[in-house]
Amino acid sequence: SATSPVVSSKKKQRKLKVAGHTQPGKLAKAILNEERQWLGVVLEVNPDDEEAMFIAMLSLCELRDLAAEDPFVCVPRWPAAHGGGRVYLHTFREGTSRRYEEHGQRKRRASSENSETKT
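Conventions used here
- Residues numbered from 1 in each chain as written.
- Predicted model: local features only at pLDDT ≥ 70, side-chain atom pairs only at ≥ 80, totals over all residues.
- Heavy atoms only, no water.
- Helix = DSSP H or I, 4+ residues; strand = E, 2+ residues; numbered from the N terminus.
- Expected span 1.5 Å × (residues − 1).
- Buried < 20%, exposed > 50% of the residue type's maximum accessible area, 1.4 Å probe, protein only.
- Arc of directions from axis to C-beta.
- Pairing = 2+ DSSP bridges.
- Axes fitted to C-alpha atoms, helices over the stretch in contact; angles between N-to-C directions.
- Salt bridge = Lys/Arg side-chain N within 4 Å of Asp/Glu carboxyl O.
- Core = buried A, V, L, I, M, F, W, Y, C linked by side-chain atoms within 4.5 Å.
- Contact = heavy atoms within 4.5 Å.

**A word on helix α2 (residues 50–66)**
Then comes step 1: Taking 1.5 Å of rise per residue, the 17 residues of α2 would be expected to cover 24 Å, and the 24 Å separating its terminal C-alpha atoms lies within 8% of that figure.
Then comes step 2: Listed as buried for α2 are A52, I55, A56, S59, L60 and L63. Down the axis, α2 shows its buried residues gathered within 140 degrees of arc, on one side only. Summarising the geometry of α2, the exposed residues directed more than 90 degrees from the buried face are E50, F54, R64 and D65.

This is the structure in structure tokens:
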């Protein structure tokens, strides 16, 4: 399986808004493509829209089938639990946090090597 490139920490994961008319299969493919480019994606869903919540769940099920060799993780975040607002579903491959950590270690090492050569 192809690995995703490590990207700069300046790049932010994109938000994909899920509505009642969204097609789950297309959303699953969009999640897969965004993850490859940005190391993850955030689904933004209105919790009061039951159809949109159902479509988000269906797309995550389809994602599981599309990317069976690379398990995905979905972490829900519900900032206003009882006051409505939006639900954010952070979706990324299982090893993504490790790739971020390795990228950060390489940047720190390069930075310390640069500061040592300047002194």
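**Looking at the sheet that holds strand β2 (residues 41–45)**
Strand pairing in a sheet is mediated by backbone hydrogen bonds. Such pairs are either parallel or antiparallel.
Then comes step 1: Read from one edge of the open sheet, four strands run β1-β2-β4-β3, paired in mixed fashion. The sheet is open, and its two edges are formed by β1 (14–18) and β3 (72–77), each paired on a single side. The average undirected angle you get between the axes of adjacent strands in this sheet is 25 degrees.
Then comes step 2: Of the strand pairs in this sheet, β2 and strand β4 (residues 87–93) are connected by five bridges, and their pairing is antiparallel. Each residue of the ladder has a partner; that of L43, found in β4, is L89.

**Description of the pattern of salt bridges**
Then comes step 1: According to the stated counting rule, one finds four salt bridges in the structure shown.
Then comes step 2: The shortest N-O distance in the salt bridge between E35 and R93 comes to 2.6 Å. One end of the pair, E35, is in helix α1 (residues 24–38); the other, R93, is in strand β4, with 58 residues separating them in the sequence. Here E35 and R93 have matching classes, each one buried.
Then comes step 3: Between E44 and R86 there is a salt bridge, with its nearest N and O atoms 3.3 Å apart. Taken together, the residues span a long stretch of sequence, with E44 in strand β2 and R86 in the loop between β3 and β4 at a distance of 42 residues.
Then comes step 4: Given a relative accessible area of 11%, E44 falls into the buried group.
Then comes step 5: According to the relative accessible area criterion, R86 is partly exposed, its value standing at 36%.

**Focus on α1**
Then comes step 1: With 15 residues, α1 extends 20 Å between its outermost C-alpha atoms, agreeing within 8% with the 21 Å of an ideal straight helix rising 1.5 Å per residue.
Then comes step 2: Buried within α1 we find P24, L27, A28, I31, L32, E34, E35 and W38.
Then comes step 3: Backbone geometry just after α1 places L39 at a positive phi near 65 degrees.

**Focus on the nonpolar core**
Then comes step 1: Of all hydrophobic cores here, the largest spans 17 residues; its most connected members are V18, I31, L43 and L89.
Then comes step 2: At the level of secondary structure, the elements contributing two or more residues to this core comprise β1, α1, β2, α2 and β4.
Then comes step 3: With residues up to four places along the chain from it excluded, the contact list for V18 reads L27, L43, E44, V45, A52, I55 and A56.

Geometry only, nothing functional implied.
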